[in-house]
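Commentary on secondary and tertiary structure
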Amino acid sequence: MLGNVMFLLRILTVIAIFPTAGLAQLADGPGKDVTSKICSQCHEIERAVALRQDRDGWQTTINKMSVLGMQAKPEEIRQAIEYLATHYAADALPKVNVNTADGIDLESAFSLTRTESAAVVAYRTKNGKFKALDDLKKVANVSFAKFEAHKDRLAF
């Protein structure tokens, strides 16, 4: 217990002596300093970059922060969004195989209801594997539009 307390005290001391130590952990690139400056107005920069979003997501987050009082010039905002979208982009969503996925995976990947995902599983159990997107039209009581909207995540 005492060892943990001493370790925590050392970390806090380093943070107090070197308040920009976290900056070294950011990816190097144009906009790094500006991003650190504007994001750290309200919170630690590590919290901001932990989000991992696409460009639209970063734009939405920056807009929200501006409404909440973040001070930045338009050019700084543009640089920050470019930096974040380049170095802290969202991970690509994995494809989901409709022939092997369980109900809960179908629900979350394709925005299906529990009833719809159960219908997909029941249909493939009875009729065999789906071979193409259009095969999913055959599943009764399931909105084909949901599959169409997420077709980039479909695998067969």
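Residues numbered from 1 in each chain as written. Predicted model: local features only at pLDDT ≥ 70, side-chain atom pairs only at ≥ 80, totals over all residues. Heavy atoms only, no water.

Next up on the list: the overall build of the protein chain. Helix and strand content of the protein chain: eight helices and two strands. Along the protein chain, from the amino end to the carboxyl end, the secondary structure elements read α-α-α-α-α-β-α-α-α-β. Counting every position in the protein chain, which comprises 156 residues, the buried fraction comes to 34%. For the protein chain, contacts bridging at least 24 residues in sequence account for 56% of all contacts bridging at least 6. Accessible surface for the protein chain amounts to roughly 10200 Å². Of this, 58% is attributable to carbon and sulfur atoms. (Helix = DSSP H or I, 4+ residues; strand = E, 2+ residues; numbered from the N terminus. Buried < 20%, exposed > 50% of the residue type's maximum accessible area, 1.4 Å probe, protein only. Contact = heavy atoms within 4.5 Å. Areas by Shrake-Rupley, 256 points an atom, 1.4 Å probe, with all protein chains shown as cover.)

So, about the packing of aromatic side chains. A complete count under the given rule lists three aromatic pairs for this structure. Pairing Phe110 with Phe147 gives two aromatic rings, centres 5.3 Å apart and planes at 50°, and the pair type is tilted. With Phe110 in helix H6 (residues 103–110) and Phe147 in helix H8 (residues 144–149), this residue pair connects regions lying 37 residues apart in the sequence. The exposure classification of Phe110 matches that of Phe147, with both residues buried. Between Tyr123 and Phe130, the ring centres sit 5.6 Å apart and the planes meet at 15°, which makes this aromatic pair stacked. We classify Phe130 as buried; its relative accessible area is 3%. For Lys137, the ring lying beneath its charged end belongs to Phe144, and the centroid distance is 5.2 Å. (Phe/Tyr/Trp six-rings, centres within 6.5 Å; stacked < 30°, edge-to-face > 60°. Lys NZ or Arg CZ within 6 Å of the ring centre and 35° of its normal.)

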